[in-house]
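# Residue-level structure breakdown
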Amino acid sequence: MGANDLGLLSLVSLLIFIFPILIINIRLKLGVNKTLVISVVRMCLQLSFVGIYLEFLFKYDSKLLNVAYLLIMILIACHAIIRSTKLKIRKFFFPIFLSILIPFSTLLFFFNFVLVRIDNPFEAKYLIPIGGMLLGNSMKSNIICLNNFFSGIKKDEKIYFFSLTLLGSRIQALKPYLKKSILASMTPILASMATIGLVSLPGMLTGQILGGSIPLVAIKYQIAIMLSIFYTDYFSTLLSLLFSVKFGFNEFDVLKKDIFNSEV
Amino acid sequence: MYLKRDTKKNFSNLNFWVQENEKVLISGKSGIGKSTLFKVLLGFETVDRGSVLFNKYKIAKEHIKTIRQQIFYLSQDIDLQNEKLKNLLDQIFEQNLNKNRIDQLTELLSLLELNNKILEQTTNELSGGERQRIGLLICFILNRPVWLLDEPTSALDNTMKKKIADYVLKQDKTVVIISHDAVWTAANKIKIERW
């Protein structure tokens, strides 16, 4: 049993509701309509493409292709993290790539091998959606974490210098900033774990129920995925922070200015 | 030494040395790089040409930790983390908070006319003068051999300025002070460098 298919026309009919929104926005002079239309169009186009190549991936279900697809997803996530944190790609791509790859692949294979115990851990049906969920979340956490860390140090450069002379070591002087950025990156996932099910049913659960799974199975998957997301987030942000501490500072423990794209 | 930043020349052909236990006052217009000199000594800025030595050691990666451990640097704004002072002091003296230090803390609090309760406050709750005195308190307790003090008395009243100057100048320490306060020169115990 699967969910009822949606007709293309009925899907398009959902766009009716966008018109009153556009009109209200014009009246309120929000100046957001252009962005809104672009976002909606992008979402539709991007998801349509995903639909097409997921069909393709699922049909062929080749180990190599699936892994290659995951790698591309990781590369795109790294690129997005580095762009959002205004770091230089050349200097930070590899460290961030490793920070994502290590916890991500560990958790993904644990999920597929140990938890779901599928015969082929590279099966597209599991690998791609679960991988996508882990990756999307760890991308968000990394952006929050690194932005927080670097902007904290930049803003507080003098305080950091003073701490450095008082406490003697880079890691000691960086402690408050590390602490703050780890907490900031953890807050969303902790809040979402604490309220999940009470406020809204998460996407995966909804999807599975619509796809015909019994709720209990869907719930177990949801618990497993939430924990896996949390672990991947935690370890990938921790690793990218460690790499930032290692590569972001010069031999005198001063934050390197040339690791950022724009002048700070 | 030479140092140039963003088209502004901070030092050009600067020759400057300080003997052990000497007290030196650097005075001059603001913006000519007095504070930058301190940053160079601590490795936060590097000079374009020339060399900077600390006890015969070049300011270099392999010595910077040892050098920083010998220096107490008090910046103009006393840039402490915004935390409860008690926690900050605990952190700073983590390895060395013994009974001696606690006795000394009480003694110095009274010298600086600070109430014990101030330790329960956070850095941002302090007034300019209190911040400065807390900065000096840390300096005195840490007891490092070299003190670099950037405008250490600017926010204090005249009696306190004098008290601090007397205390600092009688210590067996190497002290370099940047200040516009006349109180430092009054006792003729300090070498004056005009830039």
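Keep in mind that this is a model prediction, so the values were computed, not measured. (Residues numbered from 1 in each chain as written. Chains lettered and ligands numbered in written order. Predicted model: local features only at pLDDT ≥ 70, side-chain atom pairs only at ≥ 80, totals over all residues. Heavy atoms only, no water.)

Within the chain, D61(A) stands out as a residue other than glycine whose phi angle is a positive 45 degrees. Note on placement: D61(A) falls in the loop between α3 (33-60) and α4 (63-84). On the accessibility criterion, D61(A) (28% relative accessible area) is partly exposed. Even without being glycine, N21(B) reaches a positive phi, approximately 65 degrees. Inspection of the secondary structure puts N21(B) in the loop between β2 (8-11) and β3 (23-27). Its relative accessible area of 36% is what places N21(B) among the partly exposed residues. (Helix = DSSP H or I, 4+ residues; strand = E, 2+ residues; numbered from the N terminus. Buried < 20%, exposed > 50% of the residue type's maximum accessible area, 1.4 Å probe, protein only.)

What follows concerns the environment of F122(A). All names here are of chain A. In this fold, F122 is placed in the loop between α5 (89-115) and α6 (124-155). For F122, a relative accessible area of 24% corresponds to the partly exposed category. Distance in space between the C-alpha atoms of F122 and N112 is 8.3 Å, their sequence separation being 10 residues. Ignoring sequence-local partners within four residues, the contact set of F122 consists of D61, K63, N66, V67, F109 and L127. (Contact = heavy atoms within 4.5 Å.)

All names here are of chain A. Here helix α9 (residues 203-210) has its buried residues at M204, L205 and Q208. In a view along the axis of α9, the buried residues occupy a sector of 100 degrees, so they form one face of it. The exposed set on the far side of α9, more than 90 degrees from its buried face, consists of G203 and L210. Buried-residue contacts for α9 involve α6 and α10 (215-247). (Arc of directions from axis to C-beta.)

Residues and elements named next belong to chain A. Going through the model one piece at a time under the given rule, you end up with 20 aromatic pairs over all chains. Ring plane angle 15 degrees and centroid distance 6.4 Å describe the contact between F93 and F97, whose orientation is recorded as stacked. Here F93 pairs with F97, and both are found in helix α5, just four residues apart, close to one helical turn. Given a relative accessible area of 23%, F93 falls into the partly exposed group. With a relative accessible area of 14%, F97 lands in the buried category. Summarising the aromatic geometry, the rings of F230 and Y234 are spaced 6.2 Å apart at their centres and angled 55 degrees between planes, so their arrangement reads as tilted. With F230 and Y234 both in helix α10 and four residues apart, this pair spans about one turn of that helix. (Phe/Tyr/Trp six-rings, centres within 6.5 Å; stacked < 30°, edge-to-face > 60°.)

Let us look at a nonpolar patch on the surface. All names here are of chain A. On the surface, a nonpolar cluster with roughly 870 Å² of combined accessible area is contributed by V37, V41, L45, F49, I52, Y53, F56, Y60 and L65. If one sorts the elements of the nonpolar patch by residue count, α3 sits on top with eight residues. Note on placement: Y60 falls in helix α3. (Patch = residues over 30% accessible without salt bridge, like charges linked within 9 Å, V, L, I, M, F, W, Y side chains within 5 Å. Areas by Shrake-Rupley, 256 points an atom, 1.4 Å probe, with all protein chains shown as cover. Salt bridge = Lys/Arg side-chain N within 4 Å of Asp/Glu carboxyl O.)

Moving on: the packing of α5(A) against α10(A). All names here are of chain A. Contact pair α5 / α10: the axes reach a minimum separation of 9 Å and the direction vectors enclose 155 degrees. In this view, α5 runs roughly antiparallel relative to α10, as classed from their interaxial angle. The way α5 lies across α10 gives a crossing that is right-handed. Broken down by class, the residue content of the contact of α5 with α10 amounts to 19 nonpolar, six polar and no charged. (Axes fitted to C-alpha atoms, helices over the stretch in contact; angles between N-to-C directions. Parallel < 35°, antiparallel > 145°, perpendicular 65-115°, else oblique. Left-handed = near helix turned anticlockwise from the far one by under 90°. Nonpolar A, V, L, I, M, F, W, Y, C, P; charged D, E, K, R; others polar.)

The next point concerns the domain arrangement of chain A. All names here are of chain A. Considered domain by domain, chain A is made up of domain 1 (8-60) and domain 2 (63-259). Computed from C-alpha coordinates alone, the two centres of domain 1 and domain 2 are separated by 28 Å. Each partner contributes residues to the interface: domain 1 has five residues there, and domain 2 has six residues. A per-residue breakdown of the area domain 1 buries against domain 2 is headed by Y53, L57 and F58, which together make up 78% of the total. The tally of links from domain 1 across to domain 2 stands at zero salt bridges. (Domains from an automatic or database assignment. Buried area = accessible area lost by both parts, 1.4 Å probe.)

Right, let's talk about the environment of I118(A) for a bit. Residues and elements named next belong to chain A. By secondary structure assignment, the location of I118 is in the loop between α5 and α6. Judged by its relative accessible area of 11%, I118 is buried. Excluding residues within four positions of it along the chain, I118 makes contact with N112, E123 and Y126.

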